[in-house]
Amino acid sequence: MRTALVIGTGLIGTSVAMALAQRGVVVHLADHDPEQARTAAALGAGTDEAPEGVVDLAVVAAPPAHVAGVLGDAMRRGVAYGYLDVASVKGGPRRELEALGADLSRYLGTHPMAGREKSGPLAASAELFEGRPWVLTPTRDTDTEVLNLALELVSHCRAVPVVMDADAHDRAVALVSHMPHLVSSLVAARLEHAEESAVRLSGGGIRDVTRIAASDPRMWIDILSANPGPVAELLSDVAADLDETVRALRALESGDDEKRRTGAAGIEDVLRRGNAGQIRVPGKHGSAPRVYEVVGVLIDDQPGQLARIFADAGRAGVNVEDVRIEHATGQQAGLVQLMVEPKAAPLLSAALRERGWGVRQ
Ligand SMILES: NC(=O)c1ccc[n+]([C@@H]2O[C@H](COP(=O)([O-])OP(=O)(O)OC[C@H]3O[C@@H](n4cnc5c(N)ncnc54)[C@H](O)[C@@H]3O)[C@@H](O)[C@H]2O)c1
Ligand SMILES: O=C(O)C(=O)C[C@]1(C(=O)O)C=C[C@@H](O)C=C1
């Protein structure tokens, strides 16, 4: 990738632009608030002058409700070869773009699983995405070159590409991002009118639980409006657990030994289930480096090949953890190396062979 246009130069757009600029990509910056683009340029993220020709990749980092409109407009103007967005929800923007009649082969919905509770270019950092998962949602129609440009961008940001279906992504982030965000806000909301003498005792525990409650509500209204069903289901499960927990605590207040024993067992159950869930959360920059097995797939230079490989891997139920592409010099062929969990490698090889791919494991 030689040139890129980042539209929406807040926290995420500026962070992407900084990472690309550091890797030698010529980055153009645009925002509906020109002051934001100027600030991003002053931070070394690129130039706020419009590109003269067509750039390789346009990256839309506007709030989710504006993503489809901004993408549709950029595509109509033909500003780039490929287009991607980084919005926190993937199903809605794709459907909106489809309704606008856009050429979806040149579009790839993506989502870096990294961020902050602060907004704007001044909160940006080129290192924000290092080691973090970056979800890509290609379909059968995705142009191979656009997918390659996206993979290059993810690699420049030193993130880890994860391929998923858009709706499966939205269900997953309801669990690991959207529902936790609301729970954090609900806990923090209890502090609003609390006694200062109590609030000033706050320590690491409440800080950890409420950090994300400081985020911009306008952005989160957009995010939650685009994923309300899955989040409501999860929150109603949390509400049922809360009811049980309150019942257990009330039992602990009782003068009756048997009731107190039942109450203690209920609380212990909540705490132990919490331990079991917490241990599954990867560290800040992912879990300790894992060893993946490589499944090599031979491709010729036909449009749509990479997207088809990802779609076939998805159909086999295999998560592709990382990808490398080797092009054979002077030949219309290449080798795609898919990095997967060791136990998934034989399954993936068999599924891809069955679908006619040349596989090397
Ligand atoms: N904040 C996070 O933690 C996080 C993480 C991953 C992905 N995202 C996604 O990234 C995108 C940007 O989020 P952010 O945190 O950088 O927000 P931000 O508020 O820091 O930046 C958004 C920028 O978009 C600009 N903008 C708004 N409407 C626009 C339009 N119509 N055209 C051009 N520019 C416009 C704003 O002026 C602002 O500079 C969102 O879609 C969000 O869902 C956010
Ligand atoms: O770390 C934070 O501040 C975040 O909230 C980041 C976070 C998340 O929930 O993990 C928030 C929303 C984005 O879509 C992706 C990442």
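Conventions and cut-offs
- Residues numbered from 1 in each chain as written.
- Chains lettered and ligands numbered in written order.
- Predicted model: local features only at pLDDT ≥ 70, side-chain atom pairs only at ≥ 80, totals over all residues.
- Heavy atoms only, no water.
- Helix = DSSP H or I, 4+ residues; strand = E, 2+ residues; numbered from the N terminus.
- Contact = heavy atoms within 4.5 Å.
- Pairing = 2+ DSSP bridges.
- Axes fitted to C-alpha atoms, helices over the stretch in contact; angles between N-to-C directions.
- Phe/Tyr/Trp six-rings, centres within 6.5 Å; stacked < 30°, edge-to-face > 60°.
- Buried < 20%, exposed > 50% of the residue type's maximum accessible area, 1.4 Å probe, protein only.
- Lys NZ or Arg CZ within 6 Å of the ring centre and 35° of its normal.
- Near = heavy atom within 4 Å.
- Polar contact = N/O pair within 3.5 Å; in protein donor to acceptor, adjacent residues only side chain to side chain.
- Nonpolar A, V, L, I, M, F, W, Y, C, P; charged D, E, K, R; others polar.
- Domains from an automatic or database assignment.
- UniProt positions renumbered as here; feature names shortened; annotations may be inferred.
- Salt bridge = Lys/Arg side-chain N within 4 Å of Asp/Glu carboxyl O.

With that settled, consider the environment of Ser119. Residue position: Ser119 is located in the loop between strand 5 (107-112) and strand 6 (133-136). Each C-alpha atom, one on Ser119 and one on Thr139, is 31 Å from the other, the two residues being 20 residues apart in sequence. When residues no more than four places from it in sequence are discounted, the contact partners of Ser119 are Leu11 and Asp216.

Let's shift gears to unusual backbone geometry. In this structure, Arg158 is a non-glycine residue whose phi angle is positive, near 55 degrees. Inspection of the secondary structure assignment puts Arg158 in the loop between helix 5 (144-156) and strand 7 (160-163).

Read from one edge of the open sheet, seven strands run 2-1-3-4-5-6-7, paired in mixed fashion. If you trace the sheet from one side to the other, it starts and ends with strand 2 (26-30) and strand 7, each paired once. Averaged over all pairs of adjacent strands, the angle between strand axes in this sheet comes to 25 degrees, irrespective of strand direction. Summarising the sheet, strand 5 and strand 6 pair through three bridges and their orientation is antiparallel. Each bridged residue has a counterpart across the sheet, and for His111 the counterpart in strand 6 is Val135.

It is worth spelling out the packing of aromatic side chains at this point. Summed over the entire model, instances satisfying the criterion amount to one aromatic pair. On the basis of an interplanar angle of 50 degrees and a centroid distance of 5.0 Å, the ring pair of Phe129 and Trp134 is categorised as tilted. Each member of the pair, Phe129 as well as Trp134, is classed as buried. Taking the ring centre of Tyr81 as reference, the NZ or CZ of Arg106 above it sits at 4.1 Å.

Neighbouring ligand 2 are the residues Ser88, His111, Pro112, Ala114, Gly115, Arg116, Glu117, Ser177, Arg211, Ile212 and Trp220. With respect to ligand 2, the side chain of His111 contributes an N or O atom lying 2.6 Å from an oxygen atom. Residues that form the shell around ligand 2 fall into these classes: four nonpolar, four polar and three charged. Two domains each put at least three residues into the shell around ligand 2: domain 1 (3-165) and domain 2 (170-278).

This part takes up the UniProt feature "domain: Prephenate/arogenate dehydrogenase" (unreviewed entry) in the chain. Mapped onto this numbering, the UniProt entry gives "domain: Prephenate/arogenate dehydrogenase" (unreviewed entry) at residues 2-282. With 53% helix and 13% strand, the stretch residues 2-282 has end C-alpha atoms that lie 34 Å from each other.

Turning our attention to the pattern of salt bridges. As enumerated under the stated definition, the model contains 17 salt bridges in all. We note a salt bridge from Asp312 to Arg140, for which the minimum N-O separation is 3.9 Å. You can see Asp312 sitting in helix 12 (residues 305-315) and its partner Arg140 sitting in the loop between strand 6 and helix 5, a full 172 residues away along the chain. The salt bridge partner of Arg250 is Glu253, with a shortest N-O separation of 3.3 Å. Of this pair, Arg250 and Glu253 both sit in helix 10 (residues 228-253), three residues apart, which is roughly one turn of the helix.

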